[in-house]
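Summary of the model geometry
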Amino acid sequence: QVQLVESGGGLVQPGGPLRLSCAASGSIFSINAMGWYRQAPGKQRERVARITSGDSTNYADSVKGRFTISRDNAKNTVYLQMNSLEREDTAVYYCNANLQVRIGVNQNYWGQGTQVTVSS
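Presented here is a report on the structure given in the accompanying data block. (Residues numbered from 1 in each chain as written. Predicted model: local features only at pLDDT ≥ 70, side-chain atom pairs only at ≥ 80, totals over all residues. Heavy atoms only, no water.)

This next bit is on the environment of cysteine 22. Considering the arrangement of structural elements, one finds cysteine 22 in strand E3 (residues 18–26). Separated by 14 residues in sequence, cysteine 22 and glycine 8 place their C-alpha atoms 8.9 Å apart. When near neighbours in sequence (up to four residues on either side) are disregarded, cysteine 22 contacts Leu4, Val5, Glu6, Met34, Trp36, Asn76, Thr77, Val78 and Cys95. (Helix = DSSP H or I, 4+ residues; strand = E, 2+ residues; numbered from the N terminus. Contact = heavy atoms within 4.5 Å.)

Below is the structure:
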């Protein structure tokens, strides 16, 4: 029915940029919110950024000022522009979407995750 496909992860030098993409496809009535989470080895999964249907955004304190979340509604795609990357940003990044799949029915979906490694 609904799938989230992530791309853009990889190896990047400290201080460098990286852009993640997540495209939602399938039976989608509307998008309530989309966001990015990450999980580093041995740590809990945490929310990195989220953007709502009203285009309001929220960021974790650790990434505020460095990361920017945006979306292209026509493509059902959310992006995470990551700048000034630090070693502490190394994690598996997961796309999340809260979607209205039909009138009165909202569901959460997760992407498969994409590895981001910040290393020199």
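Next comes the rest of the description.
All right, on to the packing of aromatic side chains then. Counted by the stated rule, this structure contains 1 aromatic pair. Considering the side-chain rings of tyrosine 37 and tryptophan 110, the 4.9 Å spacing of their centres and the 65° angle between planes classify their relative orientation as edge-to-face. Placement of tyrosine 37 in strand E4 (residues 30–39) and of tryptophan 110 in strand E10 (residues 105–110) is noted, with a sequence separation of 73 residues between them. A relative accessible area of 39% means that tryptophan 110 is categorised as partly exposed. Here the basic side chain of arginine 45 rests over the ring of tyrosine 94, its NZ or CZ set 3.9 Å away from the ring centre. We note arginine 45 situated over the ring of tryptophan 110; from NZ or CZ to the ring centre the distance is 4.8 Å. (Phe/Tyr/Trp six-rings, centres within 6.5 Å; stacked < 30°, edge-to-face > 60°. Buried < 20%, exposed > 50% of the residue type's maximum accessible area, 1.4 Å probe, protein only. Lys NZ or Arg CZ within 6 Å of the ring centre and 35° of its normal.)

Core analysis: the biggest nonpolar cluster contains 32 residues, and Trp36, Leu80, Met82 and Tyr93 have the highest contact counts within it. Among the secondary structure elements, those contributing two or more residues to this core are strand E1 (2–7), E3, E4, strand E5 (46–52), strand E7 (67–72), strand E8 (77–82), strand E9 (91–102) and strand E11 (114–118). It is E9 that contributes the most residues to this core, 6 residues altogether. (Core = buried A, V, L, I, M, F, W, Y, C linked by side-chain atoms within 4.5 Å.)

Moving on, we come to the pairing of E7. Going residue by residue along E7, you find Phe67, Ile69 and Arg71 tucked away on one face and Thr68, Ser70 and Asp72 left uncovered on the opposite face. Two strands pair when backbone bridges link them, and E7 and E8 are joined in this way by 6 bridges, in the antiparallel orientation. Counterpart to phenylalanine 67 in the pairing with E8 is methionine 82. Here E7 folds back onto E8 in antiparallel fashion, the turn holding 4 residues, of which asparagine 76 has a positive phi close to 50°. (Pairing = 2+ DSSP bridges.)

What follows deals with the state of the cysteines. Under the defined criterion, the tally for this structure stands at 1 disulfide. Between cysteine 22 and cysteine 95 runs a disulfide, and the two sulfur atoms are separated by 2.1 Å. Taking the torsion about the S-S bond as the criterion, the cysteine 22 to cysteine 95 disulfide, at about -85°, is left-handed. Remark: cysteine 95 occurs in strand E9 and cysteine 22 occurs in strand E3; sequence separation between them is 73 residues. (Disulfide = S-S within 2.5 Å.)

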